[in-house]
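Chain and residue survey
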Amino acid sequence: MTSEQRPSEVPGGEPWQWPERVWRDLVGRVRAGRDLTPASWPGGARVAVAISFDSDHETPALRDGHTTPGVLAAGEYGARVAVPRILRLLDEHGVPASFFVPAVSALLHPGEIADYAAAGHEVGVHGWIHERNTLLSRADERDLTLRSLDTLERLSGRRPVGIRTPSWDFSPDTLSVVRELGFLYDSSLMAADEPYELLEDGEPTGVVELPVEWIRDDAPYFAMVRYAGLRPYTPPREVLRVWQDEFDGALRDGGLFQLTLHPSISGHRSRIWLLAELLRHITASGPVWFATHEQIARHVRTEGGLG
Ligand code: ZN
C-alpha cells in the first residue's frame, strides 16, 4: 500500500501474488489517451505557454491543523505581498495566467479573486481547504469540489472550468467527480509533456489533461520543512536555467510549456526576479502564445476533434 491509497482501495494479497487482471485494472483506472498536441497554435505561435499560480496561502497549514499565528503568517504574506507583486509583473508583460485557489483561501481573501477576474486571469478549483483527496470518500471529495466550484463562481463571477487537485493528489475517484461536475480540463497529472485526453477504465472521457511536473514547480526547489531539517534549497539562478531548458525543449517540439508557482514561495524579492527573467527569455524566443489553461484546453480540444 502506498500513502496515496485508502486501505479499502488496496486489493488483498501481496502485490507479487496479484493476478494479471488486478494490476491491469489498477493501472488502467486513469490513463493517458490521445495526444492532443495541435497542428498549430493560434497566431502562428511556435509554442504555447501556460503560467499558473496555486494561491494556497494559509490553507495547507490549516489542513494539517497548524493553526498558530507564526505558521499562518507565511501564507498571509502570499496574499498581502506576493499576489499584488505577481499581478503587477504579469500586467507589465501582458501575460494572462491561471490561478488555482482553495475555496477557504478565496473566502479569506475575496478581494484577491475579484482582482484576478478584473485583470482577465483564470480562476480554477484547487480543493476546499487543500484537502488530500486520497484520504476522502468519494462522497466527501465530490461535496468539497462542488462547494469549491460554487464559492469561486460567486466570488469571481464565473463558474470555473478547470481543476487542479490540491498537492496533485488525484484519487481513484477524482476523474469520475471531474466528469460528473462537468469540468473541461484537469491539470494534476504527469503522463506526458503535451496535453492529452484522459481515459477512464480504457474509455475516452473528453476531459483534457494539461500535464504538470515537479520539475516545473517552485516548491521542490525552495520549500523547506522547519523541524525536519530538510533544506532542499536551489539558488533561483539555477532554477531559471532548468525552466529555460524546459521552455527551450517545448519550443523545439512545438508544444506546451506549463509552469506551477505559489505566491507565498515565488513572490519574494529574490524569486520574483526569476519569473521576470523567464518571461523575458520566453518573449525573446519568437512568436509565443501566452494563454490561460482554459484557453489552451479549449484550443487543443477543438483541434483534437473532441468538440
Ligand atoms: Zn496547492
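One structure accompanies this document, and this report is about it. (Residues numbered from 1 in each chain as written. Predicted model: local features only at pLDDT ≥ 70, side-chain atom pairs only at ≥ 80, totals over all residues. Heavy atoms only, no water.)

**Here's the deal with helix α12 (residues 293-303)**
- When α12 is considered as a whole, its buried residues turn out to be H293, E294, I296, A297, H299 and V300.
- Just downstream of α12, G305 is the residue with a positive phi angle, here 75°. (Buried < 20%, exposed > 50% of the residue type's maximum accessible area, 1.4 Å probe, protein only. Helix = DSSP H or I, 4+ residues; strand = E, 2+ residues; numbered from the N terminus.)

**Comments concerning the environment of L184**
- Inspection of the secondary structure assignment puts L184 in the loop between α7 (174-180) and β6 (185-186).
- Residue classification places L184 among the buried residues on the basis of a relative accessible area of 11%.
- Sequence separation of L184 and R301 is 117 residues, and the distance between their C-alpha atoms is 9.1 Å.
- When sequence neighbours within four positions are dropped, the list of residues in contact with L184 reads V161, G206, V207, V208, E294, A297, R298 and R301. (Contact = heavy atoms within 4.5 Å.)

**Digging into the packing of aromatic side chains**
- This model, assessed by the stated rule, comprises 8 aromatic pairs.
- Judged by centre distance (6.0 Å) and plane angle (35°), the ring pair of W41 and W289 falls under tilted. Residue W41 is found in the loop between β1 (30-35) and β2 (47-54), and its partner W289 is found in strand β10 (residues 288-290); the two are separated by 248 residues along the sequence. The pair formed by W41 and W289 is uniform in burial state, with each residue classed as buried.
- Clustering of aromatic rings is evident, with ring pairs tying together Y221, F222, Y233 and W243.
- A cation over a ring is seen here: R147 above W128, with NZ or CZ 4.3 Å from the ring centre. (Phe/Tyr/Trp six-rings, centres within 6.5 Å; stacked < 30°, edge-to-face > 60°. Lys NZ or Arg CZ within 6 Å of the ring centre and 35° of its normal.)

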